[in-house]
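# Summary of the model geometry
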Amino acid sequence: MQRIVRRLFPSMFSRRLLFLMVIACGMTVTLAIQTTHLTISQGGLFRHRIEQILVRHHLIPTLRGAIYDRNDRLLAKHRSSYNVSVGFDVLSGRWVEQCARRQAIKENKDQWRQFTARQRLLLLEKHQVPFRQQVSDLWQMLIEITAIDPVELESRKAQIIRAVHRGTDSYQRRQIKKLEAKSGGQVPLAEVAGESIAEQNQFHVVIEDVDRNIRFSLDRMIGNAHNPNAMDSSEPNVWKRVQIGISARRDYPCQEMQITVDRSTLPSPLSHHDTVVYSVNHVARHVVGRMRHRVWEQERQAYPYHSRSTGGKSQYNLQGYLFEDPIGAWGIERSMERHLRGRRGWRSSYRDEHTAVIHEPVAGDDVKLTIDIQLQALVAAIMDPEDATLGLMRSRGWHKKPIHRKQSPKDGEALCGAAIVMDVASGEVLAAVSSPWQVPESIGGDRQAIARWEQVNSPWRNRVVGMPYPPGSTVKPLVLAAGYTDGKLEYNQALPCVPGYLDPSQPHHLRCWYYVATNGKSHPNLTGPEAVMRSCNMFFYRLGQRLGTGALGDWYDRFRLGHLTRCGLSEEIATHGASGVSADTAPQMAIGQGPIEWTLVQAAAAYAILARGGVVHPTFIKTQGRSELSSGYLKLDPRGIDLALEGMRLSATDRNGTTSVLRLPELREPIFNIPDVDIYAKSGTAQAPPLWINIKDQQGIEDKRIVREGNHGWVICLVKRPQSIQPNFVIAVIVEYGGSGGQVGGPIVNQILHAMRSCEYL
Amino acid sequence: MNTLANRCMDILRSTKGRGAWYALGGAIALTWIGIEAIRTVAPDHASKQIVWFVVSLVVMAMCLLPRPRVVGLGAYALLVVTLLLLGFLLIPGLPSAVVPRGRGTTAWLDLQIMHFQPSELAKLTFILAMAWYLRFRRTYRQWRGLLIPLGLMLLPVGLIVRQPDLGTAMIFAPTLLVMLIAAGARLWHIGVLVGVGAIATVVIVLMIYFAPNVADQILRPHQQDRFRGMISQIQGDGRYDSSISFQQNKSMQLIGAGQFFGMGAEKTAKLIRWHGLPEARNDMIFTVIVARWGLIGAFLIFTLYLLIIVSMSFVAGRSKDPFVRLAVVGFGGVVFSQASINIAVAIGLLPVTGITLPFVSYGGSSLVIMFAMIGLTINFASLRPPIVSRPSFEFDPPTTVGA
């Protein structure tokens, strides 16, 4: 090769020139290859990315659907409002630092590089003063114009800064992990310390829900800052970092209701011959739910607004979530989020053509509930533990609490509980109240006291669908019906209560409550209805033994015990059903103790099955979308059903019934005093596990303590209008650690029946 | 004027068929493309660039007059004047009316009618001085003989670095290497020098990552950032895309967006404005060209530079005068190395350096000096070859004929 070149180019200089030309050509080819790679291989992607800047997209918020009750009363509605947002750089102080730095460099540009670090610092501090004053004036002006509480504003600012710093930390940690995975070694935090997240460059809402007048005032201030004709338009102005945005507010018109209560029907110690107008707050809060203005990361990942396809192309889902989008937090707002949300629109502005294309938002669909808000408010008033107007949710002497338990509620102490009213024929829930539903004002503003109270009372938990309870004696009518259907009991057959305990070798185990209460007495031999009336444990122990664990479990399963009703609330839980239990638990299971639990809605649904003669019908709290459970039919013996209902009728009406008489200190009076209806009731006093909470003492040492113990008080009631063939409604009430079911729950059910009458259901 | 006119006629007659005119054609084509590209992003500056083009042609015409020997005799003096000008810029306390400060450097002299950049003049005078120094020597074929050329290079480089203008200073090294290669320096010596330079670059880059305190002594923070940004981009790490790699990232995207045929003037102008590409009419003019004319525009640029280089190579190859040979090779070296570095920066192969694209970027000083080089090339090509005792830069061992 060398010889050929030398022959062609005998001159060394020529050969050197040729060598230089070859290098030049090689470099040119390299540059050409890279240029070709950029333009041809990646040209399409770059063109698309580059052209995006000519189009500005502005999202148009959607209109969230409304929520109505069964009588078309508005429970939740969307309202447009305005938010005031401020750039994060102003919130974090970075704006002041940057402006001061620019100013300092501009005034000292020739000497800046020569200054020492300390000199620069002193100069920067001096230049920060006017900008800090600007920021201070900004906050002052916002407080004056919007009349926001300064403490609230400071709290909001601190919240935003905390949230963004948390997000930054999390992002930087993920970046470090990525780099460490790539490099295989440790990567210091300083490597990613300079990286920022989008939220650090965004505007954040500091003041929500300002009206139009305030908006116009603020718009003027912002407009002046941006005015290019103003004399100081080139100077930094903090008002340029303020924005007014359109937002959506959610109003709940029926969250405060005035209701009239007739106190003459209350138990004697509580009754008054008057009616009072009672104000109920946060009506149906657990059912309707509330919104939250922060979308969590897992929610954003499930429905992202922006994602990338496998090819790396950006995809936008208008129904997807952005960081500060409103989203249902609980209740129907959450469970029907996809339905209510709608789809946002967008406006595409084409900078080069000065045109815009608007894609209108699609409003969300309305949701209609089966709830009657008037009845809901009345039941909420009845279940309110804090207001002494009715006082039914306060512990009383006649509630027959186990006094040997130290943490049993004291007299006058507020109780927690829940109530549900359901239409038997349709399975629709007319009212569902979980109590308590808010922190009482008496707690004050002490955060520790509030936290402690919330730990004990769980106000945010929906006890109707989301709290499991042992059923106690409330299962007895169902067990009886099952026993007759399986032929384990003749219709007229009586079983003995004697000797008052099931196992002679264990006289302190599996005893009848009557044996314990009367210090050794037993019920007479009882037929099925009589056993339900008196709630005789021994009868049902024996029946349970006859049925056996397997059959009992099977029957509970058929009555949907433990299963989700899928009524429409996402907080609903499935509970411990009756499967996988040992054979010797049959007697306990037959009286609703042992390894079985149900929620209030499951209890009401099971009784509704009984009331319908075995027809299984789904339970609904909303009219949209039917439950995934299909209807079915339990082949219950009709005579067995009748006898079970007869037992419940006797329980409510016979003087020996556990749900008939209120045993007050000085007198006995009927629990139910509502005329012209047929009442079938069953009480339950379920042994409940104690409530433990963690408490930190003054030294900060954590300890577990029991704060509540005793028995949960149940009453489940079926009520029939005189003309009807089958019961029309089921009402279920539970009072946690309340004591005897009939004594504590009975008067509550009675008041609910009066409320239903006032709402013309009875 | 008569002298100039007669000289022009002489040149036309004597250079017919010789490659020098191709260099001029390439230069004019590049300048025209540059004016159109500048008009895309800064129409006001395009008009000024036309004025500078006319001035450059006048200066080029003036460079047609002197004989090579006269040019060579004055080379050292010109270099000294240039060094004095460079040193003048560094005198502390000079008013900004005389030495304005821009882009963080003191690189210009305010001559009222124009801002003149002595570092551009230094490229020309350095080449002429180096060509005059090397023309009859052989010492550069030894290691010791390379010291003086390197030392000569360090004089203007050291002053330019102090401005600071590292980008311009970088041009001198490849130019010197090109001249030494053409002059017959041993290739393995050159290879060692290049290797040492490469190793030094690698060491500096490693110091940026692992010994930043030491790196601070050599490079300023913004210069270190440029290395960091480029390496991150190569690794596909986009974390600096909005900060230190912003300029290069935007440049690459805009170049890519040009695709094959380009996006046209109007769209290119809008996109460059909206994307805020820094220095669009100066360092990133290649980006504007490719965005507007696409890959076709890029290949046209490559072709025109190659045309200039080949043309100058022909002139150097045909000439017998060693000074002319080296000077013209030096001119080609500076044009090509500067163009390559500028384009490599724009397409992301090198960190940002702040070097303009010869003949194309906006700037009066650069255009005038470049056309002066073209003028000298045409001048040197037009002359009858001198009678020399032996051909210059021929160091082949004699071949033995017979046994």
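Basis of the calculations
Residues numbered from 1 in each chain as written. Chains lettered and ligands numbered in written order. Predicted model: local features only at pLDDT ≥ 70, side-chain atom pairs only at ≥ 80, totals over all residues. Heavy atoms only, no water. Helix = DSSP H or I, 4+ residues; strand = E, 2+ residues; numbered from the N terminus. Buried < 20%, exposed > 50% of the residue type's maximum accessible area, 1.4 Å probe, protein only. Contact = heavy atoms within 4.5 Å. Areas by Shrake-Rupley, 256 points an atom, 1.4 Å probe, with all protein chains shown as cover. Pairing = 2+ DSSP bridges. Axes fitted to C-alpha atoms, helices over the stretch in contact; angles between N-to-C directions. Patch = residues over 30% accessible without salt bridge, like charges linked within 9 Å, V, L, I, M, F, W, Y side chains within 5 Å. Salt bridge = Lys/Arg side-chain N within 4 Å of Asp/Glu carboxyl O. Polar contact = N/O pair within 3.5 Å; in protein donor to acceptor, adjacent residues only side chain to side chain. Phe/Tyr/Trp six-rings, centres within 6.5 Å; stacked < 30°, edge-to-face > 60°. Buried area = accessible area lost by both parts, 1.4 Å probe. 1 Å grid on protein atoms, 1.4 Å probe; cavity = no way out; pocket = protein on both sides within 12 Å on 5 of 7 lines; lining within 4 Å. Points joined across faces, edges and corners; volume = space filled by probe spheres on them. Nonpolar A, V, L, I, M, F, W, Y, C, P; charged D, E, K, R; others polar. Parallel < 35°, antiparallel > 145°, perpendicular 65-115°, else oblique. Left-handed = near helix turned anticlockwise from the far one by under 90°. pLDDT = per-residue confidence, 0-100.

Time to look at the overall build of chain A. Along chain A, the regular secondary structure elements total 22 helices and 23 strands. Residues counted as buried form 50% of the 762 residues belonging to chain A. Long-range pairs, those at least 24 residues apart, make up 71% of the contacts in chain A with a sequence separation of at least 6. Just so you have it, chain A exposes about 36,100 Å², and 50% of that area is on carbon and sulfur atoms.

With that settled, consider the overall build of chain B. For chain B, the helix and strand inventory stands at 16 helices and two strands. Evaluated residue by residue, chain B yields a buried proportion of 57% over its 403 residues. If you take every contact in chain B between residues at least 6 apart in sequence, the share linking residues at least 24 apart comes to 72%.

This part covers the sheet that holds strand β1 (residues 55-60) of chain A. Residues and elements named next belong to chain A. The three strands lie next to each other as β1-β12-β13, forming an open sheet whose pairing is antiparallel. Unpaired on one side and paired on the other, β1 and β13 (355-359) mark the two borders of the sheet. The mean inter-strand angle of the sheet, taken between neighbouring strand axes irrespective of direction, is 15°.

This part is about the sheet that holds strand β16 (residues 429-435) of chain A. All names here are of chain A. Taken together, the five strands give an open sheet; going across it, the order is β16-β15-β23-β22-β21, and neighbouring strands pair in antiparallel fashion. The sheet is open, and its two edges are formed by β16 and β21 (678-696), each paired on a single side. Direction aside, neighbouring strands of the sheet carry axes that sit 10° apart on average. Pairing between strand β15 (residues 417-423) and β16: six bridges, direction antiparallel. Directly across from Gly417, in β16, lies its bridge partner Ser435. With respect to the sheet, helix α13 (residues 373-382) is in contact with β15 and β16, its orientation differing from that of β16 by roughly 30°.

Attention now moves to unusual backbone geometry. All names here are of chain A. For the bond from Ser435 to Pro436, the omega torsion is 0°, close enough to zero to count as cis. Tracing the backbone through its elements, the reader meets Pro436 in the loop between β16 and α14 (447-457). Unlike most non-glycine residues, Asp676 shows phi in positive territory, near 65°. Topologically, Asp676 is positioned in the loop between β20 (668-670) and β21. In this structure Asp676 comes out as exposed when scored by relative accessible area, which is 58%. Non-glycine residue Tyr737 carries a positive phi angle of around 55°.

Quick look at a nonpolar patch on the surface now. Taken together, the side chains of Phe19, Ile23 and Met27 of chain A together with Leu187 of chain B define a hydrophobic patch exposed on the protein surface, amounting to about 310 Å² of accessible area. The element that contributes the greatest number of residues to the nonpolar patch is helix α2 (residues 12-41) of chain A, accounting for three residues. Looking at the secondary structure, you find Met27 of chain A in helix α2.

Structurally, Arg292 of chain A is set in strand β8 (residues 291-292). Other than its neighbours up to four places away in sequence, Arg292 of chain A contacts Glu299, Asp325, Pro326, Ile327, Gly328, Ala329 and Arg334 of chain A.

The next subject is the environment of Gln493 of chain A. Residue and element names in this part refer to chain A. Assignment of secondary structure puts Gln493 in the loop between α15 (476-485) and α16 (513-517). Exposure remark for Gln493: the relative accessible area of 23% places this residue in the partly exposed category. Counting along the chain gives 34 residues from Gln493 to Thr527, while the straight-line C-alpha distance between them is 5.6 Å. When residues no more than four places from it in sequence are discounted, the contact partners of Gln493 are Lys488, Leu526, Thr527, Gly528 and Arg546. A polar contact of 2.9 Å, which involves the side chain of Gln493, links it to the backbone nitrogen of Glu490. Among the polar contacts listed, one links the side chain of Gln493 to the side chain of Arg546, at a separation of 3.5 Å.

The tally for this structure, following the rule as stated, stands at 20 aromatic pairs over all chains. Aromatic side chains Phe126 of chain B and Phe172 of chain B sit 5.4 Å apart centroid to centroid with 65° between the ring planes, which places their arrangement in the edge-to-face category. Placement of Phe126 of chain B in helix α6 (residues 118-134) and of Phe172 of chain B in helix α8 (residues 166-183) is noted, with a sequence separation of 46 residues between them. Note on Phe172 of chain B: relative accessible area 2%, which makes it buried. An aromatic cluster is built from Tyr469, Trp598 and Trp714 of chain A, whose rings are joined through pairwise contacts.

It is worth spelling out the interface of chain A and chain B at this point. The interface is formed by 42 residues belonging to chain A together with 57 residues belonging to chain B. Between chain A and chain B the total buried area reaches about 4,200 Å² when both faces are included, carbon and sulfur atoms providing 68% of it. Summed over the three residues of chain A that lose the most area to chain B, namely Phe13, Arg16 and Ile50 of chain A, the buried surface amounts to 17% of that side. Between the two partners, chain A and chain B, sit one salt bridge. Note that Lys267 of chain B is salt-bridged to Glu51 of chain A, the shortest N-O span being 2.4 Å.

Turning our attention to empty space enclosed by the protein. All names here are of chain A. This structure, assessed with the given rule, holds eight cavities of 30 Å³ or more. In this structure, the second largest cavity spans a volume of roughly 70 Å³. Lining the second largest cavity, in full, are His282, Val283, Ala284, Arg285, His286, Gln376, Ala380, Ala432, Val433, Ser434 and Trp437. Of all the secondary-structure elements, those providing two or more residues to the lining of the second largest cavity are α9 (285-288), α13 and β16. At three residues, β16 tops the list of elements feeding residues into the lining of the second largest cavity. Residue composition of the lining of the second largest cavity, by class: six nonpolar, four polar and one charged.

Residues and elements named next belong to chain B. Contact pair helix α5 (residues 75-89) / α6: the axes reach a minimum separation of 8 Å and the direction vectors enclose 150°. One way to sum up the angle between α5 and α6 is to call them roughly antiparallel. Where α5 crosses over α6, the handedness of that crossing is left-handed. Taken together, the residues of α6 that come into contact with α5 (itself represented by Ala75, Tyr76, Leu78, Leu79, Thr82, Leu85, Leu86 and Leu89) are Pro118, Ser119, Leu121, Ala122, Thr125, Phe126, Leu128, Ala129, Trp132 and Tyr133.

Right, let's talk about the pattern of salt bridges for a bit. In total, this model carries 32 salt bridges over all chains according to the counting rule given. With its nearest N and O atoms 2.7 Å apart, the salt bridge here joins Arg79 of chain A to Asp251 of chain A. Within this pair, whereas Arg79 of chain A is found in strand β3 (residues 74-87), its partner Asp251 of chain A is found in strand β5 (residues 242-251), the two being separated by 172 residues in sequence. Lys270 of chain B serves as the salt-bridge partner of Glu266 of chain B, at 3.3 Å between the closest nitrogen and oxygen. Of this pair, Glu266 of chain B and Lys270 of chain B both sit in helix α13 (residues 265-275), four residues apart, which is roughly one turn of the helix. Through salt bridges with shared partners, one network takes in Arg79, Glu208, Asp209, Arg249 and Asp251 of chain A.

Further remarks concern the packing of helix α6 (residues 117-146) of chain A against helix α8 (residues 212-226) of chain A. Residue and element names in this part refer to chain A. Running from amino to carboxyl end, α6 crosses α8 at an angle of 155°, the nearest separation of the two axes being 10 Å. The orientation of α6 relative to α8 falls into the category roughly antiparallel. Helix-helix and strand crossings are classified by hand; for α6 and α8 the assignment is right-handed. Here α6 contributes Met141, Leu142, Ile145 and Thr146 to the contact with α8, which in turn contributes Ile214, Ser217, Leu218 and Met221. Residue composition of the contact of α6 with α8, grouped by class: six nonpolar, two polar and no charged.

The next thing to look at is the confidence of the model for chain A. Averaged over every residue, the pLDDT of chain A is 88; residues scoring 70 or more account for 97%. By mean pLDDT, the top-scoring element of chain A is strand β23 (residues 729-735) of chain A (97), and the lowest-scoring one is helix α1 (residues 2-8) of chain A (76).

Residues and elements named next belong to chain B. Relative to the assigned elements, Leu357 resides in the loop between α15 (322-346) and α16 (364-382). Under the relative-accessibility criterion, Leu357 is labelled buried at 0%. Each C-alpha atom of the pair Leu357 and Ile285 lies 7.2 Å from the other, and the pair is 72 residues apart in sequence. With near-sequence residues (within four places) excluded, Leu357 lies in contact with Asn282, Ile285, Phe286, Tyr305, Ala339, Asn342 and Ile343.

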